[in-house]
Amino acid sequence: MKKLVVITGASSGFGKALALEFNKAGYPLLLVARRVELLKELNLSNTICEKVDVTNRESLETAIRKAEQIYGETDLIINNAGLMLLGNLETQNPSEWQKMLDVNVMGVMHGMQIVMNDMKKRQCGTIINISSIAGVKPFGNHAAYCASKYGVVGLSEVARGELSSHNVRVMRICPGAVDTELVHHTTSDELKDAYFGWKEATGVGSITANDVAKTIKFAYELPQGVNLREIQIADTKQDA
Ligand code: NDP
């Protein structure tokens, strides 16, 4: 049996595509999200589905320990759960900033901290954090989202250095715009329309969540001694 892969935010978008891709290759999985019914609907073999809000460290840890009891220690965690609420710094409600920082940054750090000690002891393991192109360059009306995703790049690189001598890999994936549920949570209709207008004007739309999932699986399946530290992956027609 292959080693345990933990995927957060597996109920839609990249997380769901990752779950299907890793399951197809025979990995035992722990899938977590708040909408656990969507995880169960996938009906995947050798897979545990748990209702977890990644901002709740205890609940995430309980789910991971439960899966480890069954499948052995976590060899890969993909800290993917996240949300994007577009908004202008001058006008956006600070509760939206807080939500993004809690899920996109704190959620990722919880996932890392829960598995990293065992990985260090075993001198083996991989942590993959999902950042964004908005984690390496700025976009208008993305201030808080950029803050969260630049944060993921920063904390991933610090952890990469700290874990390097223990043979543990930390990678960050920075995708461009891909069709998922992500943008639909933005509360401003005007900003959602502007986002869709930009996609239409540039022709962005070829890249799929499945392309991103396959790329992540490729990076993970490189030998443990090879760390593809950062991947930027976007639609060829994405201009920024
Ligand atoms: P989706 O909205 O389709 O998926 C987001 C996933 O995160 C869902 O499964 C959702 O599950 C989960 N999630 C959200 N909040 C929580 C929470 N508090 N606890 C647990 N799970 C949570 O978007 P994507 O697939 O696009 O996004 C995945 C990641 O990729 C995010 O980090 C996003 O920022 C990043 N990204 C996406 C890009 C894109 O264009 N699509 C580009 C660059 C980066 P549920 O609601 O069931 O809890």
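Before reading on, note that the structure itself is shown above.
Residues numbered from 1 in each chain as written. Predicted model: local features only at pLDDT ≥ 70, side-chain atom pairs only at ≥ 80, totals over all residues. Heavy atoms only, no water.

Student: Is there a simple way to explain the packing of aromatic side chains in this structure?
Tutor: The way to describe two aromatic rings as a pair is by their centre distance and the angle between their planes. Under the definition given, this model contains five aromatic pairs. Ring geometry for Tyr 195 against Phe 196: centres 5.7 Å apart, planes inclined by 80 degrees, an arrangement best described as edge-to-face. Ring pairs connect the aromatic residues Phe 22, Tyr 27 and Tyr 220, which therefore count as one cluster. The ring of Tyr 27 has Lys 2 lying over it, and the distance from NZ or CZ to the ring centre is 4.6 Å. (Phe/Tyr/Trp six-rings, centres within 6.5 Å; stacked < 30°, edge-to-face > 60°. Lys NZ or Arg CZ within 6 Å of the ring centre and 35° of its normal.)

Student: Can you help me understand the pattern of salt bridges in this one?
Tutor: Pairing is possible between side chains of opposite charge, provided their charged atoms come close. Considering all chains together, one arrives at 15 salt bridges under this definition. Its salt-bridge partner being Lys 192, residue Asp 189 comes within 3.8 Å of it at the nearest N-O pair. You can see Asp 189 and its partner Lys 192 sitting in helix H6 (residues 189-202), three residues apart, about one turn around the helix. According to the relative accessible area criterion, Lys 192 is buried, its value standing at 17%. (Salt bridge = Lys/Arg side-chain N within 4 Å of Asp/Glu carboxyl O. Helix = DSSP H or I, 4+ residues; strand = E, 2+ residues; numbered from the N terminus. Buried < 20%, exposed > 50% of the residue type's maximum accessible area, 1.4 Å probe, protein only.)

Student: Please explain the pairing of strand E3 (residues 47-51) as it appears in this structure.
Tutor: Regular strands show a simple pattern: their side chains alternate between the two faces of the sheet. With four of five residues buried, E3 lies mostly within the body of the structure. Across five bridges, the pairing between strand E2 (residues 29-33) and E3 is parallel. Counted as the bridge partner of Leu 29 is Thr 47 from E3. Handedness of the E2-helix H2 (residues 36-41)-E3 crossover: right-handed. (Pairing = 2+ DSSP bridges. Right-handed = clockwise from strand over helix to strand, strands pointing away.)

Student: Before we go on, may I ask you to explain the side chain of Thr 74 in this structure?
Tutor: Along the chain, Thr 74 falls in strand E4 (residues 74-79). Judged by its relative accessible area of 1%, Thr 74 is buried.

Student: I keep staring at the nonpolar core and nothing clicks. Help me out?
Tutor: Among the nonpolar cores identified, the biggest contains 33 residues, and Ile 7, Phe 22, Leu 29, Leu 31, Ile 78 and Ile 128 are the most heavily contacted of them. Here this core takes six residues from helix H7 (residues 209-221), the largest share from any one element. Those residues in contact with Leu 31 that sit more than four places away from it in its chain are Ile 7, Ala 10, Ala 19, Leu 39, Leu 42, Leu 44, Thr 47, Ile 48, Cys 49 and Glu 50. Val 6, Ala 63, Ile 64 and Val 168 belong to the second largest nonpolar core, which has 25 residues in total. (Core = buried A, V, L, I, M, F, W, Y, C linked by side-chain atoms within 4.5 Å. Contact = heavy atoms within 4.5 Å.)

Student: Looking at this structure, how should I read the environment of Met 171?
Tutor: As for its placement among the helices and strands, Met 171 is situated in strand E6 (residues 169-175). A sequence separation of 18 residues divides Met 171 from Val 153, and the C-alpha atoms of the two residues are 9.2 Å apart. Contacts of Met 171, omitting those with residues within four sequence positions, involve Thr 126, Ile 127, Ile 128, Asn 129, Ala 219, Val 226, Asn 227, Leu 228 and Arg 229.

Student: What exactly am I supposed to notice about the sheet that holds strand E5 (residues 126-130) here?
Tutor: Ordered by their spatial adjacency, seven strands build an open sheet running E3-E2-E1-E4-E5-E6-E7, and the pairing between neighbours is parallel. Two strands lie at the open edges of the sheet, namely E3 and strand E7 (230-233), each paired on one side alone. Looking at each pair of strands side by side, their axes are set apart by 15 degrees on average, direction ignored. In terms of strand pairing, strand E1 (residues 4-8) meets E4 through four bridges, oriented parallel. Within E4, the position partnered with Leu 4 by the bridge is Thr 74. (Axes fitted to C-alpha atoms, helices over the stretch in contact; angles between N-to-C directions.)

Student: What is the right way to look at the site of the ligand in this model?
Tutor: Not every one of the 29 residues close to the ligand is listed here, only the nearest: Ser 11, Ser 12, Arg 34, Tyr 145 and Thr 180. A distance of 2.9 Å separates a nitrogen atom of the ligand from a polar atom in the side chain of Asp 53. Thr 180 is positioned such that a nitrogen or oxygen atom in its side chain is 2.6 Å from an oxygen atom of the ligand. Within the complex, 96% of the 890 Å² of free accessible area of the ligand lies under protein. Counted by class, the shell around the ligand contains 13 nonpolar, eleven polar and five charged residues. (Near = heavy atom within 4 Å. Polar contact = N/O pair within 3.5 Å; in protein donor to acceptor, adjacent residues only side chain to side chain. Areas by Shrake-Rupley, 256 points an atom, 1.4 Å probe, with all protein chains shown as cover. Nonpolar A, V, L, I, M, F, W, Y, C, P; charged D, E, K, R; others polar.)

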